[in-house]
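Descriptive structure summary
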Amino acid sequence: MLAVLMLTLGLFLAACGGSDDGSEEDTPEEDNTGDTGSEGDSSEGESESASDIEEQEWLFVTEEQDGQVQYEYAEEFANRISEKSGGKITVTPYEFGGLGDEVDQVEQLQNGAVQLAVTSPGFIGNMVKESQIFALHFLFPDSVEQTQEILNTSEALNQDLVKQYQEHGLTPLSFWSEGFMQWTANKPLEQPSDFENFKMRVQTSPLIIESYEAYGANPQSMSWGDLYTGLDQGTVDGQENPIFFIADASFNEVQDYMMLSRHNNYVATTTVNSEWYEGLSEEVQTMVDETVDEMQEWVFEEQKAQNEDFLEQIKTDTDTPTEVVELSEEQREAFRELAVPVRDFYRNEVSTVDGAILDKLIEEIEAATAE
């Protein structure tokens, strides 16, 4: 315990801020409708027995910058927990770089130096191999709304996949979409042959690498903290991200084209250290669970607004003109045909359960999208 406290103190002293690094659907239905507004008396929304809660501080790390979806999520979560606990619990959000890079943050979560994190499969996938399921192209529906509903209700994810995380001392509390992934480059990427020898920046997931090799690309693993410079200097030729991230990180300044490919959703995971979570009092654990459930609708609206607003900014920005290219369904189908066989790579080379979680998820997706 002393070692953890010393490490946490060291992380606080070392924190110095981050480095520089789309959707049209309606709100998905939710079962949780708690009112956590901040207007009125500060005691509103406070638990009846909040006076019994011990004062405590939790650290919440994210993979994005202040203003971007993940950080806004952590900040909103912090505000709601503070209100519900009557100010007894302080949640401190950290933007990317404040406590290290993406891999550092996963290690800190695992060893208990931080309590909560937003994680993504691109960086946690080498530890929790099954989480790379979210990197499969053209797996989820062509609707962020439908995708979010599946993320909320899927037994394959919320039960089977969660157990895979728990084997490593981590517990996902929710999965949520940050919107469609899109491609950027200095040339149009409209057919698989356009990716031939293309230096595509990817996260450190073997499955993501395999996905782009299937298109003929030359994938290059790189932290997003280095990505702007990498694009500017030609170390990499292009990248993928949701629209809000592309614009807010100014990648459009160094990329001439943005393809609306919608080849995947960026799925984020609200993840906690299992030992810490299980050690919470029943009252506080319930408070956390309820807040996470409430945040599902909130974050859907947040990503939707950011992706729509930033798309309009990119289209109208005359100082750094980036041509927006929307791929046709025929063009997307050519990529889909190459992406689907990568599922066998996942089953045979990535999965530790012979693809059972993927097969179950596919059945759930087919049932959810059936007329």
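These remarks concern the structure in this document. (Residues numbered from 1 in each chain as written. Predicted model: local features only at pLDDT ≥ 70, side-chain atom pairs only at ≥ 80, totals over all residues. Heavy atoms only, no water.)

1. Description of the overall build of the chain
How we decide: A helix here means a DSSP run of H or I that spans at least four residues, while a strand means a run of E at least two residues long, and both kinds are numbered starting from the N terminus. A simple rule labels every residue: compare its accessible area, found with a 1.4 Å probe on the protein chains alone, to the largest value its type can have, and call it buried under 20%, exposed over 50%, or partly exposed in between.
Broken down by element type, the chain carries 14 helices and 11 strands. When burial is assessed residue by residue, the chain has 54% of its 371 residues classed as buried.

2. As for the side chain of threonine 322
The following threshold applies: It only takes one pair of heavy atoms within 4.5 Å for two residues to be counted as in contact.
Tracing the backbone through its elements, the reader meets threonine 322 in the loop between α11 (282–316) and β11 (323–326). On the basis of relative accessible area, threonine 322 is assigned to the buried category, the value being 9%. Look past the residues within four positions of threonine 322 in its chain and what remains in contact with it is Asn252, Gln255, Asp256, Tyr257, Met258 and Ile314.

3. Things to note about the pairing of strand β7 (residues 218–221)
Rules: Here, a strand pair is defined by DSSP locating no fewer than two bridges between the strands.
Bridge count for strand β6 (residues 199–202) against β7 is 4 bridges, and the pairing is parallel. Residue pairing for β7: lysine 199 is matched across the bridge by asparagine 218.

4. Structural notes on the sheet that holds strand β9 (residues 257–260)
To be explicit about the condition: Whenever a helix is involved, its axis is fitted only over the stretch in contact; in every case the axis is a line through C-alpha atoms, and angles between N-to-C directions fall within 0 to 180 degrees.
The sheet built from 4 strands is open, its strands ordered β8-β5-β9-β11 with mixed pairing. Looking at the sheet topology across the chains shown, the edges are occupied by β8 (239–241) and β11. Going across the sheet, the axis of each strand differs from the next one's by a mean of 25°, ignoring polarity. Where strand β5 (residues 182–185) and β8 come together, 3 bridges link them in antiparallel fashion.

5. Digging into unusual backbone geometry
Notably, phenylalanine 138 is not glycine yet its phi reads approximately 60°, a positive angle. In this structure, phenylalanine 138 sits in the loop between α4 (121–124) and α5 (144–153). The backbone of aspartate 354 sits at a positive phi, close to 55°, despite the residue not being glycine. Checked against the element boundaries, aspartate 354 lands in the loop between α13 (342–350) and α14 (356–369).

6. Comments concerning a negative patch on the surface
Stated formally: Note on patches: the residues involved have over 30% relative accessible area and no salt bridge, like charges join within 9 Å, and the nonpolar side chains Val, Leu, Ile, Met, Phe, Trp and Tyr join within 5 Å. Per-residue and other accessible areas were derived by the Shrake-Rupley procedure at a 1.4 Å probe size, with only the shown protein chains allowed to occlude residues. In what follows, salt bridge is the name for a side-chain nitrogen of Lys or Arg lying within 4 Å of a carboxyl oxygen of Asp or Glu. Charged residues are defined narrowly, with Lys and Arg counted positive, Asp and Glu counted negative, and His plus the chain ends left uncounted. For charged residues, the charge sits on one atom: NZ in Lys, CZ in Arg, CG in Asp, CD in Glu.
Negative charge collects at one region of the surface, where Asp101, Asp104, Glu107 and Asp226 lie side by side. Take aspartate 101: it is sitting in the loop between β2 (89–94) and α3 (102–111).

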